[in-house]
Amino acid sequence: MIADEDVVAYEVTSSAFNKITKAKPHIAQAVLRSIARQLSERLRNAAEDLRMSSIVTLMRRAATRYVENRANNIDLVGCAIHR
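Now for a look at the structure at hand.

## Regarding the overall build of the protein
For the protein, the count of helices and strands is 2 helices and 0 strands. For the protein, the proportion of its 83 residues judged to be buried stands at 1%. About 8,000 Å² of surface is accessible on the protein, with carbon and sulfur atoms providing 59% of the total.

## Comments concerning the pattern of salt bridges
Following the criterion strictly, the structure yields 2 salt bridges and no others. E41 is the salt-bridge partner of R44, the closest N and O atoms lying 3.1 Å from each other. With R44 and E41 both in helix α2 (residues 25–82), this residue pair falls 3 residues apart, about one helical turn. Ionic pairing is found between E48 and R51, a salt bridge with its closest N-O pair at 2.8 Å. A residue pair is termed a helical-turn pair when its members lie 3 or 4 positions apart in one helix, as E48 and R51 do in helix α2 at 3 residues. The class for E48 is partly exposed, based on a relative accessible area of 35%.

What counts and how
- Residues numbered from 1 in each chain as written.
- Predicted model: local features only at pLDDT ≥ 70, side-chain atom pairs only at ≥ 80, totals over all residues.
- Heavy atoms only, no water.
- Helix = DSSP H or I, 4+ residues; strand = E, 2+ residues; numbered from the N terminus.
- Buried < 20%, exposed > 50% of the residue type's maximum accessible area, 1.4 Å probe, protein only.
- Areas by Shrake-Rupley, 256 points an atom, 1.4 Å probe, with all protein chains shown as cover.
- Salt bridge = Lys/Arg side-chain N within 4 Å of Asp/Glu carboxyl O.

From the geometry alone we can't say anything about function, so treat these as descriptive.
Set out below in structure tokens:
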């Protein structure tokens with residue numbers, strides 16, 4: 001767990017959570033909604049990181065091809081000039 005500021009954290013065992021679920025279903029729903037929101041945000045961030053990584057990889061490949069093609073064209077031009 002990482003906190004941005006000082007916090008007090010409590011561990012809730014599965015048996016305690018089951019008791020809460022039965023006694024106070026609205027609390028269990030709020031906790032589950034919060035967990036779902038956090039997981040959704042993390043998945044969204046991971047997907048964005050993956051997309052950015054893919055874009056960077058594609059850009060690197062394109063830059064490499066461009067440089068290789070320019071080098072080949074320069075060689076061809078050099079050969080043509082020497083003839």
